[in-house]
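# Structural overview
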Amino acid sequence: MERVDLHPTRICKCGRFPLRPGKPLPFGATIVPGGVNFSIYSRYATSCTLVLFEKHSPQPCCEIAFPDEWRIGNVFTMVVFNLDYDNIEYGFRMDGPFDPKNGHRFDKTKILMDPYAKVIGGRDVWGVVPDWNNIYQHRARICFDDFDWENDHPLEIPIEDLIIYEMHVRGFTRHPSSGVKHPGTFAGIIEKIPYLKELGINCVELMPIHEFDEFENSRISPVTGKLLMNYWGYSNVGFFALKAGYAATGKFGMQVDEFKNLVKILHKNGIEVILDVVFNHTAEGNENGPYISYRGIDNKTYYMLTPDGYYFNFSGCGNTLNCNNPIVRNMIVDCLRYWATDYHIDGFRFDLATILGRDQTGAPMHNPPLLESLAFDPILGKCKLIAEAWDAGGLYQVGSFPAWGRWAEWNGKYRDDIRKFLKGDLGMVGAVAQRIQGSPDLYGWQQRGACASINFITAHDGFTLMDLVSYNYKHNEANGEDNRDGCNDNYSWNCGYEGETDDPNIMRLRFKQIKNAIAMLLVSQGTPMILAGDEIGKTQKGNNNAYCQDNEISWIDWSLLDKNREIFNFFKRMIAFRKVHPVLRNRGHFRNCDYVGSGYADITWHGTKAWYADWSGTSRVLAFMLCGKHAKGGTVEDNTIYVAMNMHWEPHTFELPQMPQGMGWYLFAHTDYLPPHDIFEPGQEKLLDNQKEFLLGPRSVLIIVCKPLVKKLPKKKGER
Amino acid sequence: MESKFSVNYENGVAKIELFGRLDATNASNLQEELKKIIDKKIERLVFFAKDLEYISSAGLRVIIFAKQKIGVNSKVYLISPQEVVLNVIKMSGLDNFMIIEDSYKD
C-alpha cells in the first residue's frame, strides 16, 4: 500500500515545486520518494528560506520560505518535490538578529551553505579562478549516497601493525614526472598503488580531503612571483563533502564515486585509509571573514566567542569551532559516522585535537564529552582515532590526551628526541630508550600501551627527511612572510653544508643519516608514520612550512626514485623487516623481565659492552635486544633482534650479547656499509664472521637477527 | 521528455543504445524500461555508447542497477564509449565488471 506521506500538500510560489512538511532528522538534504527532505538547525534564526539554483547559474531559480508551522523546535524542515537532483544547488537565507556583542551575526542577504552538505560545488576544478562576484561561492548539492561496494569492508588491521604513509592527494601525483593519466587526483593515487605495495606500507593517511577553498588567502609571492594558495587545505568549508578539485571527475560533480572507488581499490590491496580531519576551525576566519555557512546560520552555536562576541583563536586560524557545544558535538559525531559508514574510512587523525577538549569558554576539560563520545561511539568502534595532541593556544597534551583506551597520539616527543639523538646531541640516550619502547614514560601510567604512540620523525608540517639532514635553518622565503612562518625548533643538522651540494662525502653522510632515521623509526615500538616522498629523498629546498606552495616545492618529483633508489630500497626492506618481525610490533609496553622463561628479558639494554648500556650524559651510543620469545606479549615466537645505534662521529666496537648454543647473529642492516651490503632482504641475512663483537661505523645503526647456525659454506672470492 | 535511449531484447541479448546525456532527467526512465526485462533470461547486456556524450552520477547508477538486478550472471558490454564517458566509468570503478570494446559482434 502506498504511504500517504509521499504526496505534496502545497506548492511553492513559483509553481514549479510541490511541498510538504519534512522530517527534522537526518539534517541536510536527503533523497526521499519523489523529492528531497531539507532540514537545518538554527536556534536563534527567526525564519529560514530555501534558495534553489540550477547548477552553476548566477541567480536562484526559486526561493521557498520554510512555513513556520512546519518548523519543529529549532529545526526548519520540508520536502520539495520534482527536483532534478543532478542539476540543483541549494542554500539557505537565515533571518535573525545582527548583534555581534551577543554573538549573533544573521544577515538575510547572504546565501548560506548547508553544514551537512555532502557535495559542494563552486571549486570543481583545482586552481580555476572563481568568479568573485558570485553571490553563492560554495554551493551545496544533492548527493547520491549509494555505491556498489561489493564485499568491501574496512580492513581493521591492528594499529600496532600499521605502517602509515602520510600523503597530500594533489602533491602525490601532480608533478609531471608522476606519469599518471590524471595527475593530482584520487584517480592518480589508484595508478600508484603498485608503487605503494612495493614500498610495503599498509595505510595511507590523507591530508585534508574535505572541501576547502584553495583560493583562501591566495596571493602572489613577493619572492618567487608565483601564486600562493591554500595548498594543504587545513581550513574546512564543509565537513561532509569531498574536495571536488581532488577528483578528476570533480567537473562532473562525481567526486563521491571517484573517492569511494579509490578507497575500495586501496582496501583490495590491503591498504587502509585514514583521513586527517580538521574540526578545530572553519574557513570563515574572524570578524572580517566571509559568510560561508556557520556564522550566518547560528554563529553563537558554532563558534567559541569571547564575552564581547569576538572569536577565540585557539587554532591560529581566526576562529575556533565550538566543539563541546552539544549541537556541534553531534555534528562532528554525525560527520565521522558518515565517513565511516558511507566511505568505509578506517580511521581519523584529528588536527589540533586538544581544541576538541576545550569547553565553550576555551578552558581544557577533565572529561571532554566530545572525545568521550568518539571513544565510545558504536559506529566508530573499530576506527583508529589519532590525536594531534596540541593546539595553537598552547595546550600540549602528548601523553595526557584523554584516551579511554581508544585514542592514539602523534608523538611529538618521539620526533624531537630522535632528531636530537640523530644529530649527535648529548644527553639523549635515556629519552631515546623511552621512545624506542613506545614511550612508556608518556603512556605507561594509563596502561595505554605502545600502540598509543604514533611514531614519526617527519610529517607534512616541518622538514622532509632529506631536508632534515640538509638544512640547519628553515628557508621559507618563498612563502612571502620574510621567513617568519614555520617552526624554528627543527633539531636538524645539515651534515656540513647548508642546502644542496654535490660533495660526495656530505651526500654519503646524508644518505646514511636518512637510513639511520628510518631504521630507528621502524624498530621502535608503536605505530610508525612515514612522510610520502621521504623514501625517495624528497626535498622542499629547506621550506618547512609549504602550506601555500602548490608547485615543485611541494609536489613529489618521481624522477628522484631513480636517482635515490638506494634510499627507496632501504625503506622498502626496513618496512618488510618490520612486517615479518612481530617482536617489533607489541601492543603493550615491555615489562623488563623474562616472563616466558626464555632466559632473556623481553628487552635488554647494551652499549659498547654487552649488558652494560652507557646512560651517562656524555653517551651517544645505545644498543638494545628484543627477545623473540616475548613477541606480542609472549603469544608468538619470533627471532631475537639486536639493534645498536652509534650517533657518535667516531666508530665504536660493540660487544654482542651471547646467544644460546647453536644460535648465531646474522647481519640485516648496517647503515655504514655501501649498497648492496647496507641492508639485506629479510630472511636473507648474512651470518657474521665475528659473533663476539661488531665495529659500528661513525653515525651508524646496526640491526642483527639471531637465527640457528647453519653450516657455513666456504667464502667466495670477493665476498665481504 | 525526449527519449535518449532505446532498449531492445532478443534471444537472450538486451541491447541498449544511449544518446546525448544520461543524467537524472532521463536515468529513471531508462531504469523503468530495464525493469521490464528483469525476469527475462539474459546472457548479454550491451550498452552502445558511441553517441553518449555525458554520463552523470544518476546515469552510472542505472548501469549498476542493470548489472545487479538483471545481469548478475550475464556479461555486461560497453561498446565504443567516448573518452570522456570512459574516463568517468573507469574512475568510478565501473570498468571492473564491464567488458569495454570498440565494436560489438553478435
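Residues numbered from 1 in each chain as written. Chains lettered and ligands numbered in written order. Predicted model: local features only at pLDDT ≥ 70, side-chain atom pairs only at ≥ 80, totals over all residues. Heavy atoms only, no water.

### Re the overall build of chain A
- Of the regular secondary structure elements, chain A holds 15 helices and 30 strands.
- Relative to the 2.2 N^0.38 estimate, which gives 27 Å for 720 residues, the radius of gyration of chain A is 28 Å and therefore close to what a compact globule would have.
- Each principal axis of the C-alpha distribution contributes one length, and for chain A these read about 95 × 55 × 50 Å.
- Sequence-distant contacts in chain A: of pairs separated by 6 or more residues, those separated by 24 or more amount to 72%.
- Of the accessible surface of chain A, which amounts to about 26,500 Å², a share of 52% is contributed by carbon and sulfur atoms. (Helix = DSSP H or I, 4+ residues; strand = E, 2+ residues; numbered from the N terminus. Rg over C-alpha atoms; globule rule 2.2 N^0.38 Å. Contact = heavy atoms within 4.5 Å. Areas by Shrake-Rupley, 256 points an atom, 1.4 Å probe, with all protein chains shown as cover.)

### Quick word on the interface of chain A and chain B
- On the side of chain B, 22 residues touch chain A, which itself brings 21 residues to the contact.
- Summing both partners gives a buried area of about 1,700 Å² for chain A against chain B, and 56% of it is carried by carbon and sulfur.
- Contact with chain B buries area across many residues of chain A, yet Asp-148, Phe-252 and Met-254 of chain A alone supply 30% of it, more than any other trio.
- Note that Asp-146 of chain A and Arg-61 of chain B form a salt bridge whose closest N and O atoms lie 2.2 Å from each other.
- Summed over the shared surface of chain A and chain B, the number is seven residue pairs in polar contact (both at pLDDT 80 or more). (Buried area = accessible area lost by both parts, 1.4 Å probe. Salt bridge = Lys/Arg side-chain N within 4 Å of Asp/Glu carboxyl O. Polar contact = N/O pair within 3.5 Å; in protein donor to acceptor, adjacent residues only side chain to side chain.)

### Regarding the sheet that holds strand E22 (residues 527-531) of chain A
All names here are of chain A.
- The parallel closed barrel is built from eight strands, whose spatial order is E13-E14-E17-E18-E19-E20-E21-E22. Neighbour-to-neighbour, the strand axes of this sheet turn through a mean angle of 25°, independent of strand direction.
- For strand E17 (residues 272-277) and strand E18 (residues 347-350), the ladder comprises four bridges, and the chain directions are parallel. From the neighbouring strand, Asp-276 faces E18, where its bridge partner is Arg-349. (Pairing = 2+ DSSP bridges. Axes fitted to C-alpha atoms, helices over the stretch in contact; angles between N-to-C directions.)

### Quick look at the domain arrangement of chain A
- Annotation of chain A at the domain level lists domain 1 (4-141) and domain 2 (591-708).
- A C-alpha centroid distance of 64 Å is found between domain 1 of chain A and domain 2 of chain A. (Domains from an automatic or database assignment.)

### Description of helix H5 (residues 294-302) of chain A
All names here are of chain A.
- Within H5, eight of the nine residues are buried, which leaves the element mostly enclosed by the surrounding structure.
- Listing the buried residues of H5 in full gives Tyr-294, Arg-295, Gly-296, Ile-297, Asp-298, Asn-299, Thr-301 and Tyr-302.
- Buried residues along H5 sit in contact with strand E4 (35-41), strand E8 (88-95), strand E10 (104-105) and helix H6 (326-342). (Buried < 20%, exposed > 50% of the residue type's maximum accessible area, 1.4 Å probe, protein only.)

### Describing the side chain of His-281 of chain A
Residues and elements named next belong to chain A.
- Position of His-281 among the secondary structure elements: in the loop between E17 and H5.
- A distance of 3.1 Å separates a polar side-chain atom of His-281 from the backbone oxygen of Tyr-234.
- Of note is the side chain of His-281, whose polar atom sits 2.5 Å from the side chain of Asn-280.
- With residues up to four places along the chain from it excluded, the contact list for His-281 reads Tyr-234, Ser-235, Asn-236, Phe-239, Ser-315, Cys-317, Asn-319 and Leu-321.

### Concerning the pattern of salt bridges
Residues and elements named next belong to chain A.
- Applying the stated criterion across every chain, the model contains 48 salt bridges over all chains.
- A salt bridge links Lys-268 to Glu-150; its shortest N-O distance comes to 4.0 Å. Of the two residues, Lys-268 is situated in helix H4 (residues 255-268) and Glu-150 in the loop between strand E12 (139-141) and strand E13 (164-167); the sequence distance between them amounts to 118 residues.
- Relative accessible area serves as the criterion here: at 58%, Lys-268 is assigned to the exposed category.
- Between Asp-417 and Arg-435 there is a salt bridge, with its nearest N and O atoms 2.7 Å apart. Separated by 18 residues along the polypeptide, Asp-417 in helix H8 (residues 412-422) and Arg-435 in helix H9 (residues 429-436) bring together distant segments of the chain. Each member of the pair, Asp-417 together with Arg-435, is buried.

### Details of the state of the cysteines
All names here are of chain A.
- Per the counting criterion, the structure on display carries zero disulfides over all chains.
- No disulfide involves Cys-61; its nearest neighbouring cysteine sulfur is the one of Cys-62, lying 6.1 Å away.
- Look at Cys-61 and you get partly exposed, because its relative accessible area is 24%.
- Between Cys-203, a cysteine without a disulfide, and Cys-383, which holds the nearest cysteine sulfur, the sulfur-to-sulfur distance is 11 Å. (Disulfide = S-S within 2.5 Å.)

### With respect to the environment of Glu-43 of chain B
Residue and element names in this part refer to chain B.
- Its place among the elements puts Glu-43 in the loop between helix H1 (24-35) and strand E3 (44-55).
- In this structure the C-alpha to C-alpha distance between Glu-43 and Val-76, which are 33 residues apart in sequence, comes to 8.7 Å.
- In contact with Glu-43, other than residues within four places in its own chain, are Gly-12, Ser-74 and Lys-75.
- Within the local environment of Glu-43, its side chain forms a polar contact with the side chain of Lys-41, the two groups lying 3.4 Å apart.

### Quick look at the pairing of strand E20 (residues 407-410) of chain A
- As judged from the three bridges shared by strand E19 (residues 384-387) of chain A and E20 of chain A, these two strands associate in the parallel manner. Each bridged residue has a counterpart across the sheet, and for Ile-386 of chain A the counterpart in E20 of chain A is Ala-408 of chain A.

### Some thoughts on the sheet that holds strand E30 (residues 700-708) of chain A
Residue and element names in this part refer to chain A.
- Spatially, six strands are ordered E23-E24-E25-E30-E27-E28 in an open sheet, and the strand pairing comes out antiparallel. Strands at the two margins of the open sheet, each flanked by one partner only, are strand E23 (603-606) and strand E28 (686-687).
- Taken together, the seven bridges between strand E25 (residues 640-646) and E30 define a ladder with antiparallel strand orientation. Paired with Ala-644 across the two strands is Leu-702, which belongs to E30.
- Running at roughly 50° to E30, helix H12 (residues 504-522) makes contact with E25 and E30 of the sheet.

### Quick look at the side chain of Asp-298 of chain A
- Note on placement: Asp-298 of chain A falls in helix H5.
- Residues in contact with Asp-298 of chain A, not counting those within four places in the same chain, are Tyr-41, Ser-42, Arg-43, Tyr-44 and Phe-106 of chain A.

### Re unusual backbone geometry
All names here are of chain A.
- In this chain, Leu-25 is followed by Pro-26 through a cis amide linkage whose omega measures 0°.
- Turning to its location among the elements, Pro-26 is positioned in the loop between strand E2 (18-21) and strand E3 (28-32).
- That bond from Pro-675 to Pro-676 is cis: its omega, 5°, falls within 30 degrees of zero.
- Tracing the backbone through its elements, the reader meets Pro-676 in the loop between strand E27 (663-670) and E28.
- Its identity as a non-glycine residue notwithstanding, Asn-82 has a phi of 65°, on the positive side.
- Position of Asn-82 relative to the elements: it lies in the loop between strand E7 (75-81) and E8.
- According to the relative accessible area criterion, Asn-82 is exposed, its value standing at 53%.
- A positive phi angle is found at Asn-483, which is not glycine, with a value near 65°.
- You can see Asn-483 is positioned in the loop between helix H11 (465-468) and H12.

### Quick notes on the packing of H1 of chain B against helix H2 (residues 57-70) of chain B
All names here are of chain B.
- Close contact between H1 and H2 brings their axes to 8 Å; oriented N to C, the two are set at 15°. Between H1 and H2, the angle is such that the two are roughly parallel. For the element pair H1 and H2, the recorded crossing hand is right-handed. Along its contact with H1, which presents Ala-24, Ala-27, Leu-30, Gln-31, Leu-34 and Lys-35, the element H2 presents Ala-58, Gly-59, Val-62, Phe-65, Ala-66 and Ile-70.
- Tallied by class, the residues present in the contact of H1 with H2 amount to nine nonpolar, two polar and one charged. (Parallel < 35°, antiparallel > 145°, perpendicular 65-115°, else oblique. Left-handed = near helix turned anticlockwise from the far one by under 90°. Nonpolar A, V, L, I, M, F, W, Y, C, P; charged D, E, K, R; others polar.)

### Considering the packing of aromatic side chains
All names here are of chain A.
- Taken as a whole and assessed by the stated rule, the structure comprises 48 aromatic pairs over all chains.
- With 4.0 Å between their ring centres and 10° between their planes, Phe-577 and Phe-668 make a pair best called stacked. Here Phe-577, found in helix H14 (residues 565-580), pairs with Phe-668, found in strand E27; they are 91 residues apart in sequence, far enough to count as distant.
- Classification of Phe-577 as buried rests on a relative accessible area of 0%.
- With 6.3 Å between their ring centres and 50° between their planes, Tyr-673 and Phe-694 make a pair best called tilted. Here Tyr-673, found in the loop between E27 and E28, pairs with Phe-694, found in strand E29 (residues 693-696); they are 21 residues apart in sequence, far enough to count as distant. Of the two residues, Tyr-673 and Phe-694, both sit in the buried class.
- Site record: aromatic cluster; members linked through ring pairs are Phe-27, Tyr-116, Trp-126, Phe-186, Phe-212, Tyr-231, Phe-240, Tyr-246, Phe-259, Tyr-338, Trp-339 and Tyr-343.
- Between Arg-349 and the ring centre of Trp-410, over which it is positioned, the NZ or CZ distance is 3.9 Å.
- Sitting above the plane of the Tyr-491 ring, Lys-420 keeps its charged end 4.7 Å from the centroid. (Phe/Tyr/Trp six-rings, centres within 6.5 Å; stacked < 30°, edge-to-face > 60°. Lys NZ or Arg CZ within 6 Å of the ring centre and 35° of its normal.)

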